[in-house]
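Chain residues, written in single-letter form:
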Amino acid sequence: MSVRRAASHAGSWYSGDKAELGREISSLLEKASVEDNGKVKAIISPHAGLSYSGLTASHGFKGLSGNMHGVNKVFVLGPSHRAYFPDVRLTSFRTWDGPISNVQVDTAVNEKLISDAAKMGLSIKYLNQETDVEEHSIELQMPFLSQLLKGTDATIVPMVVGMLDEEGAASYGRLLAPYFDDPGTRFVISSDFCHWGSRFRYTYHYEKSTYPLIGDAVIAMDHAGMELMEKQDRNGLAKYFEKTENTICGRSPITVLLNAMAASSKRYNLNFVHYSQSSKCESVHDSSVSYASALVTEA
């Protein structure tokens, strides 16, 4: 079993040259404009190739970058694109290639999560290493995150979240709430938003009478979901997904985040700070992926 996870998507989804990538990340962070809304505890961040979602992602990490003092661990929750499972999986690697700087995995937290989950009747296991290396949702946060963590002793806790029902998301949220309360932690929630078009097998036309143009309907549908997330309306969000089946791939990690916020001893605000799309659809033969960044700050 390997102890080091390679940056398997370097050279394709983002530059494999560390110096070049570092310059690109710095440039993107400089372009991002985010008001300092207070102490940033968590962000929602997209995970497409850097050329597609990098600018949107930079807005979340720009907010996070000014709030990293005293941080000793970062939880990174992402969805599974490569395997189906109804629980949560942890990385069995001990080190992740940054790719700007290498980052250590908090193996002690991993073991405690597994133990505490079992006491709550929840399942947390280690992810197969081959599947881990193929999965991109967490790795695509690392170009920004490894830049922020460079030169620090902070560790990461990568968590791949499977397809959870409402009860499961609530339970995992309660499990993570004590870590959310810890002032030394930050959370990165990895998710793209709507994947629309025939190639994604999703061509739902949201509120067609109000938004006759498909491109406008997709944007409106995404923002309807984003508004429910900002309101932290978990029941409303569940009904939204039931109605639209919007292909927000990080639905489960986002729902776990909302439940962790609800179970926390503190109150938080969630605000989206940037939204973009790979393209704007005009017909079912077109396709687009939407990207959004949000900041979670102490109220």
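Residues numbered from 1 in each chain as written. Predicted model: local features only at pLDDT ≥ 70, side-chain atom pairs only at ≥ 80, totals over all residues. Heavy atoms only, no water.

Visitor: Looking at this model, I keep getting lost on the overall build of the protein. Mind explaining?
Guide: A count of helical and extended segments in the protein gives nine helices and twelve strands. On the principal axes, the C-alpha backbone points of the protein span a range of 55 × 45 × 40 Å. Residues counted as buried form 57% of the 299 residues belonging to the protein. Contacts spanning at least 24 positions in sequence make up 81% of the contacts within the protein whose residues lie at least 6 apart. (Helix = DSSP H or I, 4+ residues; strand = E, 2+ residues; numbered from the N terminus. Buried < 20%, exposed > 50% of the residue type's maximum accessible area, 1.4 Å probe, protein only. Contact = heavy atoms within 4.5 Å.)

Visitor: When you look at the side chain of Thr185 in this model, what are you seeing that I'm missing?
Guide: Following the sequence through the fold, Thr185 ends up in strand E9 (residues 185-190). In this structure Thr185 comes out as buried when scored by relative accessible area, which is 0%. Contacts of Thr185, omitting those with residues within four sequence positions, involve Lys41, Lys73, Phe75, Tyr179 and Phe180.

Visitor: What exactly am I supposed to notice about the pairing of strand E12 (residues 287-298) here?
Guide: Looking along a regular strand, one sees the side chains alternate between the two faces of the sheet. Burial analysis of E12 places ten of its twelve residues in the buried class, the great majority of the element. Pairing of strand E2 (residues 40-45) with E12 involves four bridges; the strand directions are antiparallel. Residue pairing for E12: Ile43 is matched across the bridge by Leu295. In this sheet, E12 lies alongside strand E10 (residues 195-197) in antiparallel orientation, the contact comprising three bridges. Bridge pairing in E12 links Trp196 to Ser288. Where strand E11 (residues 268-277) and E12 come together, nine bridges link them in antiparallel fashion. (Pairing = 2+ DSSP bridges.)

Visitor: Is there a simple way to explain unusual backbone geometry in this structure?
Guide: What is expected of a backbone is that most residues other than glycine have negative phi and most peptide bonds are trans. Positive phi values are uncommon outside glycine, yet Glu207 reaches one of about 40°. Relative to the helices and strands, Glu207 is located in the loop between E10 and helix H7 (214-230). Judged by relative accessible area, Glu207 falls into the partly exposed class, the value being 32%. In this structure, Glu245 is a non-glycine residue whose phi angle is positive, near 55°. As for its position among the elements, Glu245 is in the loop between helix H8 (234-244) and helix H9 (251-263).

Visitor: Even after reading the chapter, I still don't get H8, so can you show me in this structure?
Guide: Residue pairs spaced three or four apart in an α-helix point in one direction, given the helix's 3.6 residues per turn. Among the residues of H8, Gly236, Leu237, Ala238, Tyr240, Phe241 and Thr244 are the ones counted as buried. Phi for Glu245, located one or two positions after H8, is positive at around 55°.

Visitor: How should I be thinking about a negative patch on the surface in this particular structure?
Guide: Together, Asp165, Glu166, Glu167, Glu242 and Glu245 line one region of the surface with negative charge. Its place among the elements puts Glu242 in helix H8. (Patch = residues over 30% accessible without salt bridge, like charges linked within 9 Å, V, L, I, M, F, W, Y side chains within 5 Å. Areas by Shrake-Rupley, 256 points an atom, 1.4 Å probe, with all protein chains shown as cover. Salt bridge = Lys/Arg side-chain N within 4 Å of Asp/Glu carboxyl O. Lys, Arg positive; Asp, Glu negative; His and termini not counted. Charge placed at Lys NZ, Arg CZ, Asp CG, Glu CD.)

Visitor: Where do I start with helix H5 (residues 142-149) in this structure?
Guide: Within H5, seven of the eight residues are buried, which leaves it mostly tucked inside the rest of the structure. Among the residues making up H5, those that are buried are Met142, Pro143, Phe144, Leu145, Ser146, Leu148 and Leu149. Contacts from the buried residues of H5 go to helix H1 (18-31), helix H2 (50-65), strand E3 (73-79), strand E5 (95-96), strand E6 (103-104) and strand E8 (155-161). Two residues or fewer past H5, Gly151 is found with a positive phi of approximately 85°.

Visitor: Is there a simple way to explain the nonpolar core in this structure?
Guide: Soluble globular proteins: nonpolar side chains tend toward being buried together. Within the largest apolar cluster, 54 residues are counted, with the highest numbers of intra-cluster contacts made by Phe75, Leu113 and Leu176. When near neighbours in sequence (up to four residues on either side) are disregarded, Leu113 contacts Phe75, Leu90, Ile124, Val157, Met159, Leu175, Leu176 and Tyr179. In this structure, Ala57, Val74, Met142 and Leu148 belong to the second largest nonpolar core, which totals 35 residues. (Core = buried A, V, L, I, M, F, W, Y, C linked by side-chain atoms within 4.5 Å.)

Visitor: Sorry, what's going on with the pairing of E8 here?
Guide: A large share of E8 lies buried, amounting to seven of its seven residues. Burial of the side chains of E8 extends over both faces: Thr155, Val157, Met159 and Val161 are buried on one face and Ile156, Pro158 and Val160 on the other. Sheet topology places E3 next to E8; seven bridges connect them, and they run parallel. Looking across to E8, one finds that Val74 is bridged to Ile156.

Visitor: Explain the pattern of salt bridges to me, please; I cannot follow it from the model alone.
Guide: Close approach of charged atoms allows side chains with opposite charge to pair. Applying the stated rule across the entire model yields eight salt bridges. Here Glu139 makes a salt bridge to Arg5, at a shortest N to O gap of 3.0 Å. Residue Glu139 is located in the loop between helix H4 (129-134) and H5, and its partner Arg5 is located in strand E1 (residues 4-5); the two are separated by 134 residues in the primary sequence. Between Glu227 and Lys231 there is a salt bridge, and its shortest N-O distance comes to 3.2 Å. For Glu227, a relative accessible area of 42% puts it in the partly exposed group.

Visitor: When you look at the sheet that holds E1 in this model, what are you seeing that I'm missing?
Guide: Pairing between the strands of a sheet comes from backbone hydrogen bonds, and it takes one of two forms, parallel or antiparallel. Read from one edge of the open sheet, three strands run E1-E5-E6, paired in mixed fashion. This sheet does not close on itself; its edge strands, each paired only once, are E1 and E6. Direction of pairing for E5 relative to E6: antiparallel, over a ladder of two bridges. Across the sheet, the residue bridging to Trp96 is Val103, located in E6.

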